[in-house]
Amino acid sequence: MDDQLPYNEIIDVCLLAGKIMLQNGAETSRVEDTMVRIAAAFGCGDSHSFSTPTGIIFSLDGMHPASKLIRVSQRSTDLHKVTLVNSISRSISSKEMTPEEAYLRLKQIEKAGMGYPMWGQVFAAFIASGCFLIMFQGQWNDFIWSCIAGGMGFSCLLYLHRLLEVRFFAEFIASLVVGLVAMFFVQIGVGGHLDTIIIGAVMPLVPGLLITNAARDLIAGHLVSGLSKGADAGLTALAIGAGISAAFVFL
Amino acid sequence: MMFAQLITSFIASAAFGVIFNVPKNSLFQCGFVGMLGWLLYYSLVENEINSIIATLASAFIVAVISQYFAKRYKTPITIFNVSGIIPLVPGGLSYDAMKHFVGNDFYVAVQLAAKVFMLAGAIAMGLIFAEVMNQLVTKYNRRKLRLGS
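**Q** Help me understand the nonpolar core in this model?
**A** Generally speaking, nonpolar side chains in soluble globular proteins are found buried as a group. Residues A:Phe58, A:Ile92, A:Leu106, A:Phe132 and B:Ile85 are the most contacted members of the largest nonpolar core, which totals 105 residues. The dominant element in this core, judged by the number of residues it contributes, is helix 1 (residues 7-23) of chain A, at eleven residues. Filtering out sequence-adjacent residues up to four positions away, A:Ile92 remains in contact with A:Ile38, A:Ala41, A:Phe42, A:Met97 and A:Ala102.

**Q** Looking at this structure, how should I read the sheet that holds strand 3 (residues 66-71) of chain A?
**A** Pairing between sheet strands relies on hydrogen bonds along the backbone, with the strands arranged either parallel or antiparallel. Residue and element names in this part refer to chain A. Pairing within the open sheet is antiparallel, and its three strands lie in the order 1-2-3. Two strands close off the open sheet at either side, each with one partner strand: strand 1 (47-52) and strand 3. Across the sheet, the mean angle from the axis of one strand to that of its neighbour is 10°, orientation sign disregarded. Bridging between strand 2 (residues 55-60) and strand 3 involves six bridges; their strand directions are antiparallel. If you follow phenylalanine 58 over to strand 3, its bridge partner there is lysine 68. Relative to the sheet, helix 1 contacts strand 1, strand 2 and strand 3, its axis offset from that of strand 2 by approximately 155°. The sheet strands contacting helix 2 (residues 28-41) are strand 1 and strand 2, and the helix crosses strand 1 at an angle near 155°.

**Q** Can you walk me through the interface of chain B and chain A in this structure?
**A** When the parts of a complex come together, some accessible area is lost, and that lost area is often used as the size of the interface. Taken together, the contact pairs 41 residues of chain B with 46 residues of chain A. Carbon and sulfur atoms make up 73% of the surface buried where chain B meets chain A, a total of about 4000 Å² over both sides. In terms of surface lost to chain A, no three residues of chain B exceed B:Ile19, B:Asn21 and B:Tyr95, which account for 18% of the buried area on that side. For the interface between chain B and chain A, the tally reads two salt bridges. Between B:Glu131 and A:Arg216 there is a salt bridge; the shortest N-O distance is 2.9 Å. The tally of links between chain B and chain A comes to 13 residue pairs in polar contact (both at pLDDT 80 or more). When residues of the side of chain B that touches chain A are traced back to their parent elements, those giving at least two are helix 1 (2-19), helix 2 (27-46), helix 4 (78-85), helix 5 (91-102) and helix 6 (106-148) of chain B. Of the residues that constitute the side of chain B that touches chain A, the class distribution is 28 nonpolar, nine polar and four charged.

**Q** Would you mind going over the packing of helix 1 of chain B against helix 2 of chain B with me for this structure?
**A** Helix-helix packing is described using two parameters, namely the angle between the two axes and the distance between the axes. Residues and elements named next belong to chain B. For the pair helix 1 and helix 2, the least separation of the axes is 7 Å and the interaxial angle reads 135°. When the interaxial angle is binned, helix 1 and helix 2 end up oblique. The way helix 1 lies across helix 2 gives a crossing that is right-handed. For the pair helix 1 and helix 2, contact is made by Met2, Gln5, Leu6, Ser9, Phe10, Ser13, Ala14, Gly17 and Val18 and by Leu27, Phe28, Cys30, Gly31, Phe32, Gly34, Met35, Trp38, Leu39 and Tyr42, respectively. Its residues assigned to classes, the contact of helix 1 with helix 2 comprises 13 nonpolar, six polar and no charged.

**Q** When you look at the environment of A:Ile144 in this model, what are you seeing that I'm missing?
**A** As for its position among the elements, A:Ile144 is in helix 6 (residues 143-163). C-alpha separation for the pair A:Ile144 and A:Ser129, spaced 15 residues apart in sequence, amounts to 9.0 Å.

**Q** Before we go on, may I ask you to explain a nonpolar patch on the surface in this structure?
**A** Residue and element names in this part refer to chain A. A surface patch of nonpolar side chains, about 500 Å² in accessible area, is lined by Tyr159, Leu163, Leu164, Val166 and Phe169. With respect to the helices and strands, the residue leucine 164 is situated in the loop between helix 6 and helix 7 (167-187). Look at leucine 164 and you get partly exposed, because its relative accessible area is 30%.

**Q** Any chance you could explain the pattern of salt bridges here in plain terms?
**A** Oppositely charged side chains are able to pair whenever their charged atoms sit close together. Residues and elements named next belong to chain A. Here the structure, examined in full by the defined rule, presents eleven salt bridges over all chains. Between arginine 167 and aspartate 232 there is a salt bridge; the shortest N-O distance is 3.2 Å. Within this pair, whereas arginine 167 is found in helix 7, its partner aspartate 232 is found in helix 10 (residues 223-250), the two being separated by 65 residues in sequence. Judged by its relative accessible area of 21%, arginine 167 is partly exposed. You can call aspartate 232 buried: its relative accessible area is 12%.

Reading the values: rules and limits
Residues numbered from 1 in each chain as written. Chains lettered and ligands numbered in written order. Predicted model: local features only at pLDDT ≥ 70, side-chain atom pairs only at ≥ 80, totals over all residues. Heavy atoms only, no water. Core = buried A, V, L, I, M, F, W, Y, C linked by side-chain atoms within 4.5 Å. Buried < 20%, exposed > 50% of the residue type's maximum accessible area, 1.4 Å probe, protein only. Helix = DSSP H or I, 4+ residues; strand = E, 2+ residues; numbered from the N terminus. Contact = heavy atoms within 4.5 Å. Pairing = 2+ DSSP bridges. Axes fitted to C-alpha atoms, helices over the stretch in contact; angles between N-to-C directions. Buried area = accessible area lost by both parts, 1.4 Å probe. Salt bridge = Lys/Arg side-chain N within 4 Å of Asp/Glu carboxyl O. Polar contact = N/O pair within 3.5 Å; in protein donor to acceptor, adjacent residues only side chain to side chain. Nonpolar A, V, L, I, M, F, W, Y, C, P; charged D, E, K, R; others polar. Parallel < 35°, antiparallel > 145°, perpendicular 65-115°, else oblique. Left-handed = near helix turned anticlockwise from the far one by under 90°. Patch = residues over 30% accessible without salt bridge, like charges linked within 9 Å, V, L, I, M, F, W, Y side chains within 5 Å. Areas by Shrake-Rupley, 256 points an atom, 1.4 Å probe, with all protein chains shown as cover.

Now the structure itself:
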């Protein structure tokens, strides 16, 4: 009976699920938990998973010990995919799926594009910048200028992310653009307060997901990934700060 | 003024949901969580309560509501947490700190940076408290179930 379990396929399904979740912004604890649960649902009760933000090790014990390692180099944020993998893991747990079906579904999810179109995201950043301006006690007549600065900064970030491997450089340039655009509006006399415009426009670049995930990972005892995500968030914040400062230097 | 704050915090949180690609049917809840967190923070700060305490309390409330939503809609909790936390992130203060650093005014800059650090810590502590409380409640319920049966 035990010999008939497709061990390799089970490991592949677990690793693929873990990889998709890790790449798209899930917490490490959730990734490990999901992988162990999927393995248990397929009949491999004795499995271990160790994941860090840059790689996953997964191993099965018991009659046929086996383990595999997978490297995760590219990370982005697509919580829709995390949700989809989560629901697949639920239906595996309730024994509605075979390993082959699950693998096919996961492959489809991995290949699927982003949930929202590019212009939708830029528009969201555009609107969010203006709203943050109001939340931080800005004036309504600065609203549109903050929107434009934030939208331009964020579209720069999206474009440079595709172009460059170095993420922090993209964030640096994006915040530099935010600073320069805001200064331009203030210089030509249409914008009122430079500070509030910049604060509002910079908010879409803030690494909010990393901060919350780092905190959640640390609570769950995943010190390695918690600290490395915290360092990641800190570097991003530094890049944003450096970009804004560079804009000031140009002035 | 309060009304404008409510509307803008709702839109900003939901827009952040779009940036992070959350599923379309949770966008409303994302905005709602962000709005509640910001409402609490804003009213506490308006009543002259220390912003660190205000951030701690709002982060806690955001995390509790996120846990409720995550259970109710069967989605990962991160989705709601992130959009709720974003308005609390001390963006303005860290900008101020950075500006003073660039202006070589290190006395003020270090003070501001320390405050930013404290606020970030308050957000993390709020999340931690909520998580601990959630675990306690779950354990209590499980024990009650076991004793009952």
